[in-house]
Amino acid sequence: ALAKSLITHTLPSKCSIICSYLLSNSIKSTASPSTLSSPVRSSSALCSCVELGASDFVEIGVFNVNTKEYNTKKFEGMFEITSLVGNVTTKDDDVYLHIHINFGNEEGLVKGGHLVKATISATSEIILRIIEGNVGRKLNPEIGLNLFDF
């Protein structure tokens, strides 16, 4: 049986990721409590992730180094998630996601950026690779981003 749990996590930057874990056959995803934090916290708090799937709504951002804010754009339609990569660390003892996404439309045009939010329309296959060690995040005020803190 495929797991039908949803992963929802609000990032400190008020961005959020909504995706399904092996969600099958055109089930619309909606937000629910996070299932990601438990395996991450009980292991090493350091993971990498990859994902393929389908989405009908994606919001991405590009960080503006001058304003220290994300400029975001929303897209609705039928999309193939051709690549989703990122890492899972911690900040202030909470799970911290840093995810980038590429997604293509019916014409084969691909967009990409920092994932703010996505809704899974058909399926999502996420692989989390747990890595030995523990890496946190700390705000770098000069850059305006939460960077690795070893």
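Criteria and cut-off values
Residues numbered from 1 in each chain as written. Predicted model: local features only at pLDDT ≥ 70, side-chain atom pairs only at ≥ 80, totals over all residues. Heavy atoms only, no water. Pairing = 2+ DSSP bridges. Helix = DSSP H or I, 4+ residues; strand = E, 2+ residues; numbered from the N terminus. Salt bridge = Lys/Arg side-chain N within 4 Å of Asp/Glu carboxyl O. Buried < 20%, exposed > 50% of the residue type's maximum accessible area, 1.4 Å probe, protein only. Contact = heavy atoms within 4.5 Å. Core = buried A, V, L, I, M, F, W, Y, C linked by side-chain atoms within 4.5 Å. Phe/Tyr/Trp six-rings, centres within 6.5 Å; stacked < 30°, edge-to-face > 60°.

Sheet topology note: the strand β3 (residues 47-64)/strand β4 (residues 69-91) ladder contains 16 bridges and is antiparallel. Within β4, the residue paired with Cys49 across the bridge is Gly86. Hairpin connection of β3 to β4: four residues between the antiparallel strands, including Lys68 at a positive phi of 60°. Pairing of β4 with strand β5 (residues 94-104) involves 11 bridges; the strand directions are antiparallel. Within β5, the position partnered with Thr89 by the bridge is Tyr96. Counting the residues in the hairpin turn of β4 and β5 gives two residues, including Asp92, whose phi is positive at 55°.

With that settled, consider the pattern of salt bridges. Evaluation of the coordinates by the stated rule reveals one salt bridge. Across the pair Lys91 and Asp92 runs a salt bridge, and its minimum N-O distance is 3.1 Å. Since its relative accessible area comes to 64%, Asp92 is described here as exposed.

Bridging between strand β7 (residues 136-140) and strand β8 (residues 145-149) involves five bridges; their strand directions are antiparallel. When the bridges of β8 are listed, Leu139 appears paired with Asn146. From the end of β7 to the start of β8, which pair antiparallel, there are four residues, and Gly144 there has a positive phi angle of about 90°.

This next bit is on the environment of Tyr70. Note that Tyr70 resides in strand β4. For Tyr70 and Val116, which are 46 residues apart along the polypeptide, the C-alpha to C-alpha distance reads 9.4 Å. In this structure Tyr70 touches Gly61, Val62, Phe63, His114 and Leu145, once residues within four positions along its chain are discounted.

All right, on to the nonpolar core then. If you look at the biggest cluster of nonpolar residues, it comprises 17 residues, and the most contacted ones within it are Val58, Ile60, Leu84, Ile99, Ile101, Phe103 and Leu115. Among the secondary structure elements, those contributing two or more residues to this core are β3, β4, β5 and β6 (110-130). Those residues within four positions of Leu84 in sequence are excluded, and the remaining contacts are Cys49, Val50, Glu51, Ile99, His100, Ile101 and Leu115.

A full pass over the atoms with the stated rule returns four aromatic pairs. Site record: aromatic cluster; members linked through ring pairs are Phe75, Phe79 and Phe103.

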